[in-house]
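# Residue-level structure breakdown
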Amino acid sequence: MRVYLDNNSTTPCDPRVVDTMVPYFYQKPGNSASRNHPFGWEAEEGVDYAREQIAALLKVDPKEIIFTSGATESDNLAIKGVFEMYRSKGNHIITVTTEHKAVLDTCDKLTEAGAEITYLKVAEDGLIDLAELEAAIKSTTILVSVMWANNETGVIQPMKEIGDICEKHGVLFMSDATQAVGKIPTYPKEIGVHLLAFTSHKMYGPKGVGALYVSRKSPRVKVTAQMDGGGHERGMRSGTLNVPGIVGFGKAAEIARLEMHADAERLSKLRDRLERELTSRLEECYINGNVDHRMPHVTNISFKHVEGEGLMMTFNQNIAVSSGSACTSASLEPSYVLVALGLGDDLAHSSIRFSLGRFTTDEEVDFAVEKLVAGVNHMRDLSPIWEMYKEGVDLSNVQWSEH
Ligand SMILES: *Cc1c(COP(=O)(O)O)cnc(C)c1O
């Protein structure tokens, strides 16, 4: 049995999505920008329909959807595009320490071009402080960028409240909603989000295609294109459209619109069962992030004194999850998201992210629970630290020898 519980990294493509894409590889090979023959029209029809399906999921106008290669590109286009377009109004951008690298690295890059960035901290539960956000806004602030739901913890930020603050101060609000779109309702117009980045491969569509919602009315937002060329996508993103990918993305959006509530209900029960089993059968495990404001299919758990990467090796590659350690060139670094929540390096390294998905079954979760319980017990049986802990040694006061 191979169990995939890493749906926040990428989701499998829904077979119904694949079926819709297939004709666009061979029978309908046109370039959607070819205006003078039926092959082009056919491809354009496919793209137009997908744009409508995606707009319906967000309750926005199809003209407000710009296709890109994924959320990384959408984040870059939104942040760099706003900075360049509104530079004369100011250079200050506010974001959060727990954002995805696609946002953090983009902001970081903009400092070379004269941007000033404020990184808001989060509380232990992963939520930002609204008063701190409001206090950070100044006359030069042009953009607030806060992700809808966190990829590592599933924590959902208070989007409506953030939208209200941005509205009050006349500041643009951008959100990386990659982990939220298609899983929970994400209606930018109701929230006051002006730019929304998301991607197909996190919502059961194909990889390599994403979108950016850009508000066209009250306010009419413009972003400077980051790629020069044929002027596709209303001049905001040049390049021949990935027609089969976009058609699949559209189908994925339609399925999500119709099924997300049923999926969320089933998956939250399954997630809760996973959590309940693990926390009742194992000592010393902690759930990371706010449990009332989080995505229905995600849980992030620290198993004290058990190193996550080692624990994963006990699964014999039968279970795919994600650990709270990030591989850098030289070493294993604790996840910066968990560190931002105040976890020490040890607890961050001992955490595992479980992200369930549309195709996760009850049997798979039960199988994973058994492997997890056995794996944690095995690791702890071998661990001198765990033995000391069980003997009541206060590990925080131990003087570790240098050699
Ligand atoms: C996956 C992810 C991205 C990157 O999306 P790609 O389509 O792979 O570029 C950006 N932001 C968040 C929150 C993500 O989870």
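Source: prediction; values computed, not measured. (Residues numbered from 1 in each chain as written. Predicted model: local features only at pLDDT ≥ 70, side-chain atom pairs only at ≥ 80, totals over all residues. Heavy atoms only, no water.)

What the domain assignment reports for the protein chain is domain 1 (13-256) and domain 2 (261-391). Taken together, the 31 residues of domain 1 in the interface contact 22 residues of domain 2. Of the roughly 2100 Å² buried between domain 1 and domain 2, counting both surfaces, carbon and sulfur atoms make up 59%. Looking at the side of domain 1 facing domain 2, the largest losses of area belong to Glu152, Thr153 and Tyr204, adding up to 32% of the total buried there. The interface formed by domain 1 and domain 2 contains one salt bridge. In this structure, the salt-bridge partner of Asp14 is Arg358, at a minimum N-O distance of 2.8 Å. Where domain 1 touches domain 2, the interface holds 10 residue pairs in polar contact (both at pLDDT 80 or more). Listing elements by their share of the side of domain 1 that touches domain 2, those giving two or more residues are α1 (15-21), α4 (101-111) and α8 (243-281). Of the residues contributing to the side of domain 1 that touches domain 2, the split by class is 14 nonpolar, nine polar and eight charged. (Domains from an automatic or database assignment. Contact = heavy atoms within 4.5 Å. Buried area = accessible area lost by both parts, 1.4 Å probe. Salt bridge = Lys/Arg side-chain N within 4 Å of Asp/Glu carboxyl O. Polar contact = N/O pair within 3.5 Å; in protein donor to acceptor, adjacent residues only side chain to side chain. Helix = DSSP H or I, 4+ residues; strand = E, 2+ residues; numbered from the N terminus. Nonpolar A, V, L, I, M, F, W, Y, C, P; charged D, E, K, R; others polar.)

Looking now at the nonpolar core. Counting residues in each nonpolar core, the largest one holds 60 residues, and the members touching the most others are Ile65, Phe67, Val144, Trp148, Phe173, Leu196 and Phe198. Top element by residues in this core is α8. It accounts for nine residues. Residue assignment places this core across two domains, with domain 1 (13-256) and domain 2 (261-391) each supplying three or more. When residues no more than four places from it in sequence are discounted, the contact partners of Val144 are Ile94, Leu133, Ile162, Cys166, Val171, Leu172, Phe173 and Met174. Counting 25 residues, the second largest nonpolar core, distinct from the first, contains Leu270, Phe303, Ile319 and Met379. (Core = buried A, V, L, I, M, F, W, Y, C linked by side-chain atoms within 4.5 Å. Buried < 20%, exposed > 50% of the residue type's maximum accessible area, 1.4 Å probe, protein only.)

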